[in-house]
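Structure assessment
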Amino acid sequence: MEQFKFKTQTKKENNKVKELLNLARINKVPIIIISLTVFAASIIYALVAQNIYNAKSALRISKPQTNIIQGPLVQALSEYTGNLVANQIETLKSGTIREMVIDALIDSFKTAKHKDKFYLILNKDSFGKLENTLKPYSLIMETLGQKVYISQKRNLDVIEIDVESPSPYEAALVANLYAKAYQEFNLAENRQNFTSVRIILEKQLTEKQVELQIAEDNKKNYQFAGGTLDLDVQTS
């Protein structure tokens, strides 16, 4: 009985295969046309499609070192909140860094002998052909915002800058300019913080010198008064 059921099922499957083959034989012309169309479209796309190159640069983020001098004012200057890497990613995405990159990119374009090495920052004519003229600044800002991806690498203290461009030279240049702009921005910020700390310390030093001078004057007044402290000249 079980053998009979198996033979019946096998016969049904064979009938289905035959029906599919007959259907394909009947509609072979439409199937061939569709197959050739898909094949031709694939070849055309492969020939016409623009190559997109990818370039990456990486930045290792170090935790800020504790200052030798610890005090409420100094701690206020170096106060750190939130995740360090996340904060630095937002810094890299800021308009300030992007403007630094664009300025350097435009300078590189102006001094380059081969203008065709650039793509993202150039205008196109009505037929989509590149011109050797720069886009408006605002459009370059927008383009970099779309073609530059900044992210943390696998939960490490490393930030990856990923740039896409039809020009491999331009992609690598933009990635390197982002890393350089971040380093320059970070250096300027650290110098500003150190300058602020120095100003505060100099102010505190001046105040302490004044207090010391007042204490010396009070001591002299006490001695001149014959050991009696003159409350009128005492300064708190």
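Structure: see above.
Structure report, in brief. Everything numeric here is computed off the predicted structure, so don't read it as measured data. (Residues numbered from 1 in each chain as written. Predicted model: local features only at pLDDT ≥ 70, side-chain atom pairs only at ≥ 80, totals over all residues. Heavy atoms only, no water.)

**Thoughts on the overall build of the protein**
Selection rule: Note on conventions: DSSP H or I runs of at least 4 residues are helices, E runs of at least 2 residues are strands, and numbering of each starts at the N terminus. By the convention used here, residues are in contact when the closest approach between their heavy atoms is within 4.5 Å. Accessible surface area values rest on a Shrake-Rupley calculation with a 1.4 Å probe, where residue burial reflects the displayed protein chains alone.
Scanning the protein from N- to C-terminus turns up seven helices and five strands. Listed by position from the N terminus, the elements making up the protein come as α-α-β-α-α-α-β-β-α-β-β-α. The contacts of the protein with a sequence gap of at least 6 include a subset with a gap of at least 24, amounting to 62%. Taken as a whole, the protein presents about 17800 Å² of accessible surface, with 56% of it coming from carbon and sulfur.

**Remarks on the packing of helix α5 (residues 95-111) against helix α6 (residues 137-147)**
So the rule is basically this: For helices, the axis comes from a line fit to the C-alpha atoms of the stretch in contact; other axes are also lines fit to C-alpha atoms, and the angle between any two N-to-C directions lies between 0 and 180 degrees. Each angle gets one of four labels, with under 35 degrees taken as roughly parallel, over 145 as roughly antiparallel, 65 to 115 as roughly perpendicular, and the rest as oblique. Each crossing gets its hand from how the near helix is turned against the far one by less than a right angle, where anticlockwise is left-handed and clockwise is right-handed. Residues are grouped as follows: Ala, Val, Leu, Ile, Met, Phe, Trp, Tyr, Cys and Pro are nonpolar; Asp, Glu, Lys and Arg are charged; every other residue, Gly included, is polar.
Interhelical geometry of α5 versus α6 gives an angle of 115° and a closest axis separation of 10 Å. Put simply, α5 runs roughly perpendicular to α6. Viewed along their axes, α5 and α6 form a crossing whose handedness is right-handed. Contacts from G95, R98, E99, V101, I102, D103 and I106 in α5 reach Y137, I140, M141, L144 and G145 in α6. For the contact of α5 with α6, the per-class residue count stands at seven nonpolar, two polar and three charged.

**With respect to the sheet that holds strand β1 (residues 53-60)**
In a beta sheet, neighbouring strands pair by backbone hydrogen bonds and run either parallel or antiparallel. For the record, the criterion: A pair of strands is treated as paired once DSSP finds two or more bridges between them.
In spatial order, the strands read β1-β5-β4; together these three strands make up an open sheet with antiparallel pairing. Looking along the sheet, the strands with just one partner apiece sit at the ends: β1 and β4 (148-152). Each strand axis lies, on average, 20° off the axis of its neighbour in the sheet, ignoring direction. Contacting β1, β4 and β5 (158-165), helix α4 (residues 84-93) runs over the sheet at an angle of about 170° to β4. Here α6 sits on the sheet in contact with β4 and β5, set at roughly 45° to β4.

**Points about α6**
Convention followed: Buried means the residue's accessible area, taken with a 1.4 Å probe over protein chains only, is under 20% of the maximum for its type, while exposed means over 50%, and partly exposed covers the values in between. Each C-beta atom gives one direction from the helix axis, and the arc is the one those directions make.
Among all positions in α6, only I140, M141, T143 and L144 are buried. The buried residues of α6 occupy an angular sector of 165° when projected down its axis, which confines them to one face.

**Considerations on the side chain of S165**
Here is the rule we go by: Think of a polar contact as two N or O atoms within 3.5 Å of one another; within protein, one of them needs to be a possible hydrogen donor and the other a possible acceptor, and neighboring residues in sequence only count if both atoms come from side chains.
Tracing the sequence through the fold places S165 in strand β5. A relative accessible area of 1% means that S165 is categorised as buried. Of the polar contacts made by the side chain of S165, one reaches the side chain of E170; its length is 2.7 Å.

**Examining the packing of aromatic side chains**
How two aromatic rings sit relative to each other is set out by the distance from centre to centre and by the angle between their planes. Our working rule: Working definition: rings of Phe, Tyr and Trp (its six-membered ring) pair if their centres are within 6.5 Å, and the pair is stacked with planes under 30 degrees apart, edge-to-face with planes over 60 apart, and tilted otherwise. The criterion for a charge sitting over a ring is simple: Lys NZ or Arg CZ within 6 Å of the ring centre, and within 35 degrees of the ring normal.
Scanning the model with the defined rule gives two aromatic pairs in all. Ring centres of F118 and Y169 lie 5.7 Å apart, and the angle between their planes is 85°; this geometry places the pair in the edge-to-face category. Placement of the pair is F118 in the loop between α5 and β2 (122-124) and Y169 in helix α7 (residues 168-224), with a sequence separation of 51 residues. Taking the relative accessible area as the measure of exposure, F118 reaches 0% and is therefore buried. The lysine or arginine in question, K115, covers the ring of F109, its NZ or CZ lying 4.7 Å from the ring centre. Here the basic side chain of K117 rests over the ring of Y169, its NZ or CZ set 4.9 Å away from the ring centre.

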